[in-house]
Amino acid sequence: MDLGSQEKIKRLADEHGPEQLLVVLGAPDPESAEIAAETLVLGDPTYAGALAEVQLGLSVYHMLEDELRSQIPEDVFEEQIGVMVDVLESEQIAAAVKGMREQAPSDG
Amino acid sequence: MFEGKQVVALGERDGIAGPAIVKCIESAGGNVAFSSTECFV
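Residues numbered from 1 in each chain as written. Chains lettered and ligands numbered in written order. Predicted model: local features only at pLDDT ≥ 70, side-chain atom pairs only at ≥ 80, totals over all residues.

**A closer look at the sheet that holds strand β1 (residues 6–12) of chain B**
Across the sheet, which stays open at both edges, the four strands sit in the order β2(A)-β1(A)-β1(B)-β2(B) with parallel pairing between neighbours. Either end of the sheet is taken by a strand with one partner, and the two such strands are β2 (59–62) of chain A together with β2 (31–38) of chain B. Between one strand and the next, the sheet's axes are offset by a mean angle of 20°, whatever the strand orientation. With four bridges joining them, strand β1 (residues 21–25) of chain A and β2 of chain A adopt parallel strand pairing. Pairing of Val 24 of chain A across the sheet is with Tyr 61 of chain A, part of β2 of chain A. (Pairing = 2+ DSSP bridges. Helix = DSSP H or I, 4+ residues; strand = E, 2+ residues; numbered from the N terminus. Axes fitted to C-alpha atoms, helices over the stretch in contact; angles between N-to-C directions.)

This is the structure:
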């Protein structure tokens, strides 16, 4: 994940508390979605950014996950996301992000 | 789902871009605190 984004997210978590943040990913494949989710839940696996060894345990979803998609008005989703549902590996991406979300430290 | 939350939209150029995520979240009443569109080459 971009180092600038890591820094910004860490600052927002410090400011509002990690439980108040919800991160939505737009990653193009399961691998990059999983790495981004891991960075947000367990810390930066590359040890390069501000989230290295920082277990924020953030709520992280991919834009294509049903749980998130169901919250968005259908016409807006169709206009903004539309064909990407079929172009990207939606199910595999959703499974990768969900799997990482479930690894969030229970003590917060 | 978005009530009382600060939403971070981390889009990607080859997937779903940040502004598209922002429009979706805001249309559902969410408050976007930060958004970006990353690019891996």
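**Quick look at the pairing of β1 of chain A**
Most of β1 of chain A sits inside the fold, with five of its five residues counted as buried. Two strands pair when backbone bridges link them, and β1 of chain A and β1 of chain B are joined in this way by five bridges, in the parallel orientation. By the bridge assignment for β1 of chain B, Leu 21 of chain A is matched with Gln 6 of chain B. Tracing the backbone out of β1 of chain A, into helix α2 (residues 30–41) of chain A and back to the parallel element β2 of chain A gives a crossover that is right-handed. (Buried ≥ 20, exposed ≤ 12 C-beta atoms within 10 Å, placed from the backbone. Right-handed = clockwise from strand over helix to strand, strands pointing away.)

**Details of unusual backbone geometry**
Residues and elements named next belong to chain A. One non-glycine residue with positive phi stands out, namely Tyr 47, at about 55°. Here Tyr 47 falls in the exposed class, since 9 other C-beta atoms lie within 10 Å of it. Unusually for a residue other than glycine, Glu 53 sits at a positive phi of about 60°. Within the element layout of this structure, Glu 53 appears in the loop between α2 and β2. On the basis of neighbour counts, which here come to 8 C-beta atoms within 10 Å, the residue Glu 53 falls in the exposed class.

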